[in-house]
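# What the coordinates show
Below are the chains, spelled out letter by letter.
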Amino acid sequence: MGYGKTLTTIMTAMRAKGMPYQGPVWIVVPKTLVTHWEEQSSCFEEVDRPSVFVLTDKDMSARELAEAKADFIIITPQYLSARYLEWQDASQQARSGLHILGRPVARRQTSSRLWQTNCVFDIECWTSLGLHFPFAIFDEVHGAKNPNAIINRASAALDARAKLLVSGTPMKNRVFDAFGILKILPGCPFATENAFLRVLSVNPKARGPPKLRLRRLAQILDACTIARPHGALNLSDLVDHIVESELLDETVLDIAMVAHQFHRLAAISGGGRRRRPQNTGHGAALSYATRARLMATSSIFNRPSPIQERDTRLTRERFGERCTEHGYDQFTIARNPQLLREFAQSVHRKK
């Protein structure tokens, strides 16, 4: 996070100024990142700013989207998977209609009737309008790394001239995750996972877990990977602007209690019937640090007792008397460790 992947991807897929409209760019992002993509798209000047449309209506047709002429169409993986399943059912029904009627015209009529609302996979309608998909962008693509998942098959079936797969952790757990991600790309040389293993295995006929040629895998990934330059990764540290404000005592207590409750929930770990709370995990550490910082900086938790207030008042009076007696300036004695030590010893003797 924070490397500028979203902004770089938008600039790569943007339509050049003066170029005719060729079709929308599909952006498949998790629901929690839709707002982030909208904000990043609005960072450009009004002349160069791409038009963004968030698609949630499942009944919107390809013709209606083409008339809107949106540069970027944002959809969620759930929306893409649902349209893919509808497209699969429509294809199967169209093939059944062709087999029953025995005439090719029946297939065209059936497919036109069933696919008229599938704006994602209705390629025939987009082609008839003279449009195509220049790019398809998949953010957090490691969520679709399972080659047997519906979202993986739907991402691979999306017909686009080029696909941009954005991820900070493309291979999160296993080396085999690379196959599921490569399968989404158009023109993937590996039809199945077995073909992927045959190309990369040191000994394909050996039993047990295959031993891969990691150097060959690195060459394959390097051929289709756009890496950020090293200079872009060494970004300067962010400047923190600390704003101090006095909150009501009730508000401070509410924040501290919420952080404390969240810490208790996040600290619970383990399995079985009995779960022991452990102070582990990022959520527990963050909530615990928030509560500790709040208690350290808020005056409600550091309010002195009446006895402490009396001792502080007496110490200030004695400090003023000593400065007057010896002719010291208060700032001078405050900067002199030896004079401060003598003053502390005199106060201790009087007590």
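Look above for the structure.
Before going into details, it helps to say that this report is about the structure given with it. Note that the structure is predicted; figures quoted are calculated from it, not measured.

Right, let's get into the overall build of the chain. Each helix and strand in the chain was counted, giving 16 helices and seven strands. In the chain, buried positions account for 31% of the 351 residues. In the chain, once contacts between residues fewer than 6 apart in sequence are set aside, the share between residues at least 24 apart is 64%. When the accessible surface of the chain is split by element, carbon and sulfur atoms take 53% of a total near 24100 Å².

Below, the discussion takes up the packing of helix α9 (residues 193-200) against helix α10 (residues 214-223). Remark: α9 packs on α10, axes separated minimally by 9 Å, with the N-to-C direction vectors making an angle of 120°. Compared by their axis directions, α9 and α10 come out oblique. Listed contacts from α10 to Phe196, Val199 and Leu200 of α9 are Arg216, Leu217 and Ile220.

Attention shifts here to the environment of Tyr21. Positionally, Tyr21 belongs in the loop between α1 (5-13) and β1 (25-28). Distance from Tyr21 to His132, taken between C-alpha atoms, is 9.7 Å for residues 111 residues apart in sequence. If we ignore the near neighbours within four places in the chain, the residues touching Tyr21 are Arg15, Lys69, Ala70, Asp71 and Leu131.

What follows is about the environment of Val54. With respect to the helices and strands, the residue Val54 is situated in strand β2 (residues 52-54). Looking at Val54, the relative accessible area reads 31%, which means it is partly exposed. Sequence-distant contacts of Val54, defined by excluding residues within four places in its chain, comprise Val34, Glu38 and Ile74.

Look at α1 against helix α2 (residues 34-41): their axes get within 10 Å of each other, and the N-to-C directions meet at 60°. The orientation of α1 with respect to α2, classified from their angle, is oblique. The element α1 and its partner α2 pack so that their crossing is right-handed. In this structure, α1 contributes Thr6, Leu7, Thr9 and Ile10 to the contact, and α2 contributes His36, Trp37, Gln40 and Ser41. Per-class residue counts for the contact of α1 with α2 are three nonpolar, five polar and no charged.

How each quantity is defined
Residues numbered from 1 in each chain as written. Predicted model: local features only at pLDDT ≥ 70, side-chain atom pairs only at ≥ 80, totals over all residues. Heavy atoms only, no water. Helix = DSSP H or I, 4+ residues; strand = E, 2+ residues; numbered from the N terminus. Buried < 20%, exposed > 50% of the residue type's maximum accessible area, 1.4 Å probe, protein only. Contact = heavy atoms within 4.5 Å. Areas by Shrake-Rupley, 256 points an atom, 1.4 Å probe, with all protein chains shown as cover. Axes fitted to C-alpha atoms, helices over the stretch in contact; angles between N-to-C directions. Parallel < 35°, antiparallel > 145°, perpendicular 65-115°, else oblique. Left-handed = near helix turned anticlockwise from the far one by under 90°. Nonpolar A, V, L, I, M, F, W, Y, C, P; charged D, E, K, R; others polar.

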